[in-house]
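# Geometric and topological summary
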2 protein chains.
Amino acid sequence: MVKRRISLKDIARELGVSISTVSRGLRDHPDISGELIVRIKELARLRRYTPNPMAMGLLKQRTRMIGVIIPDLLTHFFSSVISGIEEVAKEHGYFVIISSSNESYQKECENIENLMKARVEGFIVCVSQETRDYSHFEQIIDAEMPLVFFDRVCLKDKVPTVTVDNFTASRLITHHFHENGARRIAYISGPEQLSISEERKAGYLSGLRECGLKFRPEYFEECDLSPSSATMATQRLLGLGSPPDAIFGINDTVVFAVMKEIRKSGIAIPDDILLVGFTDEFHATVVEPTLTSVIHPTHEMGQVAAGLFFELVENVGIRPRSVQLETSLVVRNSSVKKSKT
Amino acid sequence: MVKRRISLKDIARELGVSISTVSRGLRDHPDISGELIVRIKELARLRRYTPNPMAMGLLKQRTRMIGVIIPDLLTHFFSSVISGIEEVAKEHGYFVIISSSNESYQKECENIENLMKARVEGFIVCVSQETRDYSHFEQIIDAEMPLVFFDRVCLKDKVPTVTVDNFTASRLITHHFHENGARRIAYISGPEQLSISEERKAGYLSGLRECGLKFRPEYFEECDLSPSSATMATQRLLGLGSPPDAIFGINDTVVFAVMKEIRKSGIAIPDDILLVGFTDEFHATVVEPTLTSVIHPTHEMGQVAAGLFFELVENVGIRPRSVQLETSLVVRNSSVKKSKT
DNA sequence: CTGAAAGCGCTAACAG
DNA sequence: CTGTTAGCGCTTTCAG
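Conventions adopted
Residues numbered from 1 in each chain as written. Chains lettered and ligands numbered in written order. Predicted model: local features only at pLDDT ≥ 70, side-chain atom pairs only at ≥ 80, totals over all residues. Heavy atoms only, no water. Near = heavy atom within 4 Å. Polar contact = N/O pair within 3.5 Å; in protein donor to acceptor, adjacent residues only side chain to side chain. Helix = DSSP H or I, 4+ residues; strand = E, 2+ residues; numbered from the N terminus. Nonpolar A, V, L, I, M, F, W, Y, C, P; charged D, E, K, R; others polar. Patch = residues over 30% accessible without salt bridge, like charges linked within 9 Å, V, L, I, M, F, W, Y side chains within 5 Å. Areas by Shrake-Rupley, 256 points an atom, 1.4 Å probe, with all protein chains shown as cover. Salt bridge = Lys/Arg side-chain N within 4 Å of Asp/Glu carboxyl O. Lys, Arg positive; Asp, Glu negative; His and termini not counted. Charge placed at Lys NZ, Arg CZ, Asp CG, Glu CD. Buried < 20%, exposed > 50% of the residue type's maximum accessible area, 1.4 Å probe, protein only. Least-squares fit on C-alpha atoms with pLDDT ≥ 70 in both. Contact = heavy atoms within 4.5 Å. Pairing = 2+ DSSP bridges. Right-handed = clockwise from strand over helix to strand, strands pointing away. Phe/Tyr/Trp six-rings, centres within 6.5 Å; stacked < 30°, edge-to-face > 60°. Lys NZ or Arg CZ within 6 Å of the ring centre and 35° of its normal. Axes fitted to C-alpha atoms, helices over the stretch in contact; angles between N-to-C directions. Parallel < 35°, antiparallel > 145°, perpendicular 65-115°, else oblique.

Turning to the protein's contact with DNA strand C, a few remarks are in order. If you check the shell around DNA strand C, you find 27 residues, and the closest are L8(A), S23(A), Y49(A), T21(B) and R24(B). Counting only the atoms of DNA strand C that lie within 4 Å of the protein, the sugar and phosphate share comes to 72%. Between DNA strand C and N52(A) there is a distance of 3.3 Å, counted from a phosphate oxygen to a backbone nitrogen or oxygen. When residues of the surface near DNA strand C are traced back to their parent elements, those giving at least two are α1 (8–15), α2 (19–26) and α4 (53–60) of chain A together with α2 (19–26) and α4 (53–60) of chain B. Tallying contributions element by element places α2(A) first for the surface near DNA strand C, with four residues. Of the residues in the surface near DNA strand C, the class split is twelve nonpolar, nine polar and six charged.

Here you go:
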């Protein structure tokens, strides 16, 4: 089907020299005469010679491929992280193979297996929300392949990670709510096994304490990050005898569902209830009212993740280094009462 | 860095047989005794042997990699198409390498070059909006590599394509507007060189004619698919002496910007102006009012694209086959006056 | 029934 | 300065 591409042999034959001469010539080996080098390079360019990565891979046992596993492809957050990863990968001459776990533990395992079969050199992963067992990741470590986690992490003592300061971010949200008059602040979290769930909850608790509010368990909800479960969580909150006057959710997708449900109940945002999201999806500025949200440095997160990956590739046995990035709260209309502005 | 993985040689040595025996045993070659086959397979499983794709690639000149080039990673539309491609690719044991052109002609060329160097077997592409010259695609064809276009296409006589029926879709939108009382129907298109721009414009014109409306050039705008240029187009439309009472845009991203701009002008959707999008991004249901839009069978589009790709892989010299999929208009609140409902 | 050898494209050590 | 050879992992003749 595919035309055989030009190889060293072809060039060597045409020039009447040996394959190794061509190989050396192309890489400016000092043993080759300047004049010959020029002739070799000229013909190589003319024939559009490019080295066969399969052959190189076999020889050097390097594929220059990174396996990236993310929970979904549809979220702006992940796409943006990927663009950061790809940028750095390309600088190093690496390719990125993206697989989505669809938030499924089983698919995550399958993806790892498949990518290992394809001989990726290592992995950059954001853990699926279902994942509670980490043996598939330990397998990667046992095979001495580079592994980096971003955003949602685990096995922190063995694996380099890039995260954001979730604790501070949700502390600040709580304060922001309090400053804007809210006293019954609710948080809709994700599955408890996710690192981001836990960290954001801790920040929420700390924020409440600092504001002199006490934690009320009925204002703490968990969902599985799907719009439908976020909707149900919202219904429970709105159905309380004393419903919350402020809600923030673990991400914008969740909060969009919350918003829809609130609107359905005829409650006004921000007048009756304040709303804040997380990760600042593109459409945060399109909805009405525009959504206050925590901006993640997503592109940078990808760059840093890839950076850590290459530290691992280059330095065998480096000890895991973790990077924490800062977020910032963009205040829009959903969290500030119009009367106040 | 990476542990060398188990090879046929390792198994052969351990079993005290030759490499070729193991190779054959693993593939149930009739020449190998049943008993030996069992022993070989058992050890292979035990040692977690998987064939080295580099070696296979070298030998068979097949990499089982497909290069996919899309205009951006951030749009739900493309992510969803990719999921369809990946599904079919996986069934065939292929991997997908995704590259984004960022709507740039130059990046599109670079991506093709890079992926060719990486020896992908072929390409599935959605053309960037900037692309007017097609020689980089012809290069793929000249190399006898499989190439399939989806959504935005070109070189239709040489390359299999998957598209939607853009003509009918925008005809129906025009009719829908007309039925809902609009008489001054505007269309914000994309760059003229894009196949989808042209087809949707043709449907718009045909729809107008069928509704007994005449085409007014001032109601036809072009933008470069960015929110900012969509905003400018909207400003021009709203600034007309007799502004349109209905607008549809080439995609939802454009229409979100239109919506924002209309809202800023204090004009009411749908009461003063009707609005319809294209491609039904996830957030169409989140905005207020919810956006009427044309649903694309995105996942299916990916599956079909990959299907065509494998037809090309399997049948040398097959003549290009094109598939056109149907869309459907989901009517939501942005295009039906409340008084009417 | 099984093994040896060649070759896919390339580099590197070893000879000239 | 240049060529020969071996080997990365695998399949496939060709010999036994």
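It is worth spelling out a positive patch on the surface at this point. Residue and element names in this part refer to chain A. On the surface, R24, R27, K60 and R64 cluster together to form a positively charged patch. Within the secondary structure, R64 is located in the loop between α4 and β1 (65–70). Judged by its relative accessible area of 36%, R64 is partly exposed.

Moving on to the relation of the copies chain B and chain A. Once chain B has been moved 0.0 Å along the axis and rotated by 180 degrees, it coincides with chain A to within an RMSD of 0.1 Å. Both copies are brought into coincidence by an operation consistent with a two-fold rotation axis. When you check the interface residues of chain B against chain A, 100% turn up at the interface there too, and the contact is symmetric in its surfaces.

A few words now on the pairing of strand β9 (residues 274–278) of chain A. All names here are of chain A. The buried fraction of β9 is high, at five of five residues. Burial along β9 is two-sided: L274, V276 and F278 and L275 and G277, pointing in opposite directions, are all buried. The sheet contact formed by strand β8 (residues 246–249) and β9 spans three bridges and is parallel. Note that in β9 the partner of A246 across the bridge is L274. Since β8 and β9 lie parallel, the crossover through helix α11 (residues 252–264) that links them has a hand, and here it is right-handed. Pairing of β9 with strand β10 (residues 292–295), which is carried by three bridges, proceeds in the parallel orientation. In the sheet register, F278 faces β10, and the bridge partner there is V294.

A complete count under the given rule lists 24 aromatic pairs over all chains for this structure. Ring centres of F215(A) and F220(A) lie 6.4 Å apart, and the angle between their planes is 65 degrees; this geometry places the pair in the edge-to-face category. On the basis of relative accessibility, which here comes to 15%, the residue F220(A) falls in the buried class. Every member of this aromatic cluster is reached through a ring pair, and the members are F177(A), Y187(A), Y204(A), F215(A), F220(A) and F248(A). The ring of F278(B) has R200(B) lying over it, and the distance from NZ or CZ to the ring centre is 3.9 Å. The lysine or arginine in question, K201(B), covers the ring of F220(B), its NZ or CZ lying 4.1 Å from the ring centre.

Taken together, the side chains of L58(A), L59(A), L58(B) and L59(B) make up a nonpolar region of the molecular surface, amounting to roughly 390 Å² of accessible area. Counting only elements with at least two residues in the nonpolar patch, the list comes to α4 of chain A together with α4 of chain B. Inspection of the secondary structure puts L58(A) in helix α4. Assessed through its relative accessible area of 30%, L58(A) is described here as partly exposed.

On to the packing of α2(B) against helix α3 (residues 34–46) of chain B. Residue and element names in this part refer to chain B. The interhelical angle for the contact between α2 and α3, taken along N-to-C directions, is 90 degrees, at an axis separation of 9 Å. One finds that α2 runs roughly perpendicular with respect to α3. Together, T21, V22, G25 and L26 of α2 and L36, I37, I40, K41 and A44 of α3 make up the contact between the two elements. Tallied by class, residues from the contact of α2 with α3 come to six nonpolar, two polar and one charged.

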